[in-house]
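Chain and residue survey
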Amino acid sequence: MIYKITFSCEEVDGFRMVFEANPDSTFLELHKAILSAVKYTDDQMTSFFMCNDQWEKGQEVTLVEMDNNFEYDNMVMEETHLNDLMLEQGQRLIYIFDPMFERYFFGSLREIVAGDIEGVRLAEKKGRAPKQLQTDDGLAGIVGKDGRAEWETEEDFYGDSAYDAEELDMEGFQDLSFEDGSMF
């Protein structure tokens, strides 16, 4: 048997990868084939999650052993075979490639065909994959070329260059007194 597993990413229109795999191959072999196909580094704590028809996460298959989820058994990529969890055509999964921002590829076991294959191989690729790691944080602002967030520039640290004491409206502050200790 040969599994045909398709991956796409909602971040990039037209991006798609199709892998052919021996069902006895491990999730680690699939992980390495994905990284090779998109030229990502192998230095992130990636995971696979089996999903239902609504893309809700179920069983996780981690790169390294972790004991933090009691709902499902801990499964490790190196020890888990594709046919342990992917039993029928249409099975959905996601592959998290940027764990910090939880960015992932959507995957599906599109077809099970007769034949024999060694390991996992890229059969087809269209489009360009997104960058592996996102470089912005919605709370911190966009990281510039110098590696600092927009708000970290020395010229306007905490908005001090725009501060004008004359603009401070003192109304409402006159009743505050810290002398009686009532604030603490």
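Residues numbered from 1 in each chain as written. Predicted model: local features only at pLDDT ≥ 70, side-chain atom pairs only at ≥ 80, totals over all residues. Heavy atoms only, no water.

1. Some words on the overall build of the protein chain
The test is simple: Each helix is a run of H or I in the DSSP string that is no shorter than four residues. Each strand is a run of E no shorter than two, and both are numbered from the N terminus. To sort residues, take the accessible area from a 1.4 Å probe on protein chains only and compare it with the maximum for the residue type: under 20% means buried, over 50% means exposed, and anything in between is partly exposed. Only heavy atoms matter for contacts: two residues are in contact if any of them lie within 4.5 Å across the pair. Residue-level accessible areas treat just the shown protein chains as cover; the underlying method is Shrake-Rupley with a 1.4 Å probe.
Within the protein chain one finds two helices and ten strands. Tracing the protein chain from N to C terminus, the helices and strands come up as β-β-α-β-β-β-α-β-β-β-β-β. Burial statistics for the protein chain: of 184 residues in total, 35% are counted as buried. In the protein chain, the proportion of contacts linking residues at least 24 apart, taken out of those at least 6 apart, comes to 60%. Put simply, the protein chain shows about 12,400 Å² of open surface, and 48% of that area lies on carbon and sulfur atoms.

2. Concerning the packing of aromatic side chains
Short version of the rule: Geometry of aromatic contacts follows a simple scheme: Phe, Tyr and Trp rings, the Trp one being its six-membered ring, pair when their centres are within 6.5 Å, and the pair is stacked under 30 degrees between planes, edge-to-face over 60, tilted otherwise.
The final tally for this structure, using the stated rule, is ten aromatic pairs. Plain terms: the ring middles of Trp 55 and Phe 106 are 4.7 Å apart, the flat faces sit at 75 degrees to each other, and that makes the pair edge-to-face. Placement of Trp 55 in the loop between β3 (47-51) and β4 (57-62) and of Phe 106 in strand β7 (residues 103-113) is noted, with a sequence separation of 51 residues between them. Taking the relative accessible area as the measure of exposure, Trp 55 reaches 29% and is therefore partly exposed.

3. Section: the environment of Glu 78
Examined against the element boundaries, Glu 78 turns out to sit in the loop between β5 (75-76) and α2 (82-85). Sequence-wise, Glu 78 and Glu 29 are 49 residues apart; in three dimensions their C-alpha atoms are separated by 7.8 Å. If sequence neighbours within four positions are ignored, Glu 78 has contacts with Thr 26 and Leu 28.

4. Things to note about the pattern of salt bridges
As a reminder, the rule being used: Each reported salt bridge corresponds to a side-chain nitrogen of Lys or Arg within 4 Å of a carboxyl oxygen of Asp or Glu.
One pass over the structure, following the stated rule, counts seven salt bridges. As a salt-bridge pair, Glu 20 and Arg 121 come within 2.6 Å of each other at their nearest N and O atoms. Residue Glu 20 is located in strand β2 (residues 16-21), and its partner Arg 121 is located in strand β8 (residues 120-126); the two are separated by 101 residues in the primary sequence. By relative accessible area, which is 13% here, Glu 20 ends up buried. Across the pair Glu 102 and Lys 57 runs a salt bridge, and its minimum N-O distance is 2.3 Å.

5. Here we look at the nonpolar core
Rule in force here: Only buried Ala, Val, Leu, Ile, Met, Phe, Trp, Tyr and Cys residues count toward a nonpolar core, and they belong to the same one when joined by side-chain atoms within 4.5 Å.
Counting residues in each nonpolar core, the largest one holds 32 residues, and the members touching the most others are Ile 5, Phe 7, Phe 27, Phe 48 and Phe 105. Of all the secondary-structure elements, those providing two or more residues to this core are β1 (2-8), β2, α1 (27-38), β3, α2, β6 (92-98) and β7. The greatest single-element share of this core, amounting to eight residues, is contributed by α1. Counting residues in each nonpolar core, the second largest holds five residues, with Phe 49, Cys 51, Ile 94 and Phe 106 among its members.

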